[in-house]
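Residue-level listing of the chains:
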Amino acid sequence: MLEQIKFRIIHVSSEEVGYAGSELERHGPTVNGWKSSKNAGVAYPMEVILQLESRSRLGHMQLLTHQYLIPETIELYIGESITEKNEAMNNQMESLDKIKFILLGHVQTSTNLNTGFKVRELKSVSMECSGTFMKILLYQNHANKYNPYNQVSLVAINVLGEKLDEENEMSRSMSRISFQETTQSDRDRNLFSPYDDLAFTMYVDNEVQELIKKMDLKKQEAVLDERFDFASKLKATIEHLRKAGEVLAKYQLEKQIAAAREDFQRAKEKKIQMDSYRENLYKSFRIKELLEPNGVSDRYNQSNSLR
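A quick note: this is a predicted structure, and the numbers were derived from the prediction, not measured.

Undergrad: What's the story with the nonpolar core in this structure? I'm lost.
TA: Soluble globular proteins: nonpolar side chains tend toward being buried together. Ile-136, Ile-157 and Val-159 are the most contacted members of the largest nonpolar core, which has 29 residues in total. Elements with a minimum of two residues in this core: strand E2 (7–12), strand E4 (46–65), strand E5 (73–81), strand E6 (99–108), strand E7 (122–138) and strand E8 (153–163). Broken down by element, the residue count for this core peaks at seven residues, all from E4. In this structure, Ile-157 is in contact with Phe-7, Leu-24, His-27, Leu-50, Met-61, Gln-62, Leu-63 and Ile-136, ignoring residues within four places of it in sequence. Within the second largest apolar cluster, 22 residues are counted, among which are Val-208, Ile-238, Leu-281 and Ile-287.

Given below as structure tokens:
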């Protein structure tokens, strides 16, 4: 199963204040993402370069575009340093001219006209390649009335693959390259964890995300111990938490927007609404009990206690 590969942004062509390239290094409902500068003019394509946390074999990538700052085309490249290994270790930041990039392919985006510019598009790509760097080129934006400065944006990037160790590094250095755009419905559900999917990490409350992951591990343990009624209870609770987490994420975003507009009364109301909803949610589903912090509970160890 593919795992999330962390990365840092080492270069962007331009960035708007409050929407720095480094925003792409984290996921969450209130993340701003990266946005090109209003003063960038027509200097297309825009360039975003990632350095992966280690050399990796990549299998899948997701890009979440903005609802109206939309590039017409996005090109993806894989890159490797041409610097000697010892020299590279002495440099914290790799010089861009010392990275060799190979084009993987491109994806086209929707104008978003049919959604009224209210929905973000999630682009998914299956790939096979190895490297340490990625380059993303974003071409001219789709023109619309909400984008007077002809900007482009990426809200989130998700890189999934397998980290390569020293022994694999040479043997896989000449691995073949493949690239194919996919849809969420077509993707193999066993390719990577649903909890690494941008549909989860960008739209579910962060605290609820962590609870769901803990509960999923608890469910797997219950199956191994043949506590099937308890596993069923956990599965149902996870499904409810997922939906509730999306509601909490919406409240969090509304609170953030209100605070940014200095509408502090509304921000306070949203915080109270959010805290109340979370408290009632955790109580009604007995979240703390389900996690069994003190070991296996008799309450959830017999099928007739789960009615």
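Undergrad: Explain the environment of Ser-37 to me, please; I cannot follow it from the model alone.
TA: Summarising the element assignment, Ser-37 is placed in the loop between strand E3 (34–35) and E4. The sequence separation of Ser-37 and Tyr-19 amounts to 18 residues, and the corresponding C-alpha distance is 8.9 Å. Apart from residues lying up to four places away in sequence, Ser-37 is in contact with Ser-14, Glu-15, Glu-16 and Gln-151.

Undergrad: Explanation requested: the packing of helix H5 (residues 228–260) against helix H6 (residues 264–284) in the structure shown.
TA: A pair of packed helices is captured by two measures, namely the crossing angle of their axes and the spacing between those axes. Where H5 meets H6, the axes come as close as 8 Å, and the angle between the chain directions of the two elements is 165°. In terms of orientation, H5 lies roughly antiparallel with respect to H6. For the crossing formed where H5 meets H6, the hand is left-handed. In contact with Leu-241, Ala-244, Val-247, Leu-248, Tyr-251, Gln-252, Glu-254, Lys-255, Ala-258 and Ala-259 of H5, H6 contributes Phe-264, Arg-266, Ala-267, Lys-270, Lys-271, Gln-273, Met-274, Tyr-277, Arg-278 and Leu-281. Partitioned by chemical class, the residues of the contact of H5 with H6 number 12 nonpolar, two polar and six charged.

Undergrad: Can you help me understand H6 in this one?
TA: One full turn of an α-helix is made of 3.6 residues, so residues set three or four places apart face in the same direction. End to end, H6 covers 30 Å across 21 residues, agreeing with the expected 30 Å (1.5 Å per residue, within 8%). Turning to H6, its buried residues number three or more, namely Ala-267, Lys-270, Met-274, Arg-278, Leu-281 and Tyr-282. In an axial view of H6, the angular spread of the buried residues amounts to 90°, which keeps them on one side of the axis. Among the exposed residues of H6, those oriented more than 90 degrees off its buried face are Gln-265, Lys-268, Ile-272, Lys-283 and Ser-284. Arg-286 sits one or two positions beyond H6 and adopts a positive phi of about 50°.

Undergrad: Can you walk me through the packing of aromatic side chains in this structure?
TA: Note on aromatic pairs: each is described by the distance of the centres and the angle between the planes. All chains considered together, the criterion is met by four aromatic pairs. Aromatic side chains Phe-117 and Tyr-146 sit 5.4 Å apart centroid to centroid with 65° between the ring planes, which places their arrangement in the edge-to-face category. Pair noted here: Phe-117 is in the loop between E6 and E7 and Tyr-146 is in the loop between E7 and E8, with a separation of 29 residues, a long-range link. A residue is classified by how much of its surface remains accessible, and Phe-117, at 12% relative accessible area, is buried. Between Tyr-251 and Tyr-277, the aromatic rings sit 5.8 Å apart at their centres with planes inclined by 90°, giving edge-to-face as the arrangement. Taken together, the residues span a long stretch of sequence, with Tyr-251 in helix H5 and Tyr-277 in helix H6 at a distance of 26 residues. Taken together, Tyr-68, Phe-117 and Tyr-146 form an aromatic cluster joined through their ring pairs.

Undergrad: Could you clarify how one ought to interpret the side chain of Lys-123 in this entry?
TA: Structurally, Lys-123 is set in strand E7. Residue Lys-123 is classed as buried on the basis of its relative accessible area of 7%. Looking at Lys-123, its side chain comes within polar contact range of the main-chain oxygen of Gln-108, at 2.8 Å. Within the structure, Lys-123 has its side chain in polar contact with the side chain of Glu-121 (distance 3.2 Å). In contact with Lys-123, not counting residues within four places along its chain, are Met-61, Gln-62, Leu-63, Val-107, Gln-108, Thr-109 and Glu-181.

Reading guide: rules and limits
- Residues numbered from 1 in each chain as written.
- Predicted model: local features only at pLDDT ≥ 70, side-chain atom pairs only at ≥ 80, totals over all residues.
- Heavy atoms only, no water.
- Core = buried A, V, L, I, M, F, W, Y, C linked by side-chain atoms within 4.5 Å.
- Buried < 20%, exposed > 50% of the residue type's maximum accessible area, 1.4 Å probe, protein only.
- Helix = DSSP H or I, 4+ residues; strand = E, 2+ residues; numbered from the N terminus.
- Contact = heavy atoms within 4.5 Å.
- Axes fitted to C-alpha atoms, helices over the stretch in contact; angles between N-to-C directions.
- Parallel < 35°, antiparallel > 145°, perpendicular 65-115°, else oblique.
- Left-handed = near helix turned anticlockwise from the far one by under 90°.
- Nonpolar A, V, L, I, M, F, W, Y, C, P; charged D, E, K, R; others polar.
- Expected span 1.5 Å × (residues − 1).
- Arc of directions from axis to C-beta.
- Phe/Tyr/Trp six-rings, centres within 6.5 Å; stacked < 30°, edge-to-face > 60°.
- Polar contact = N/O pair within 3.5 Å; in protein donor to acceptor, adjacent residues only side chain to side chain.

None of this, on its own, says anything about what the molecule does.
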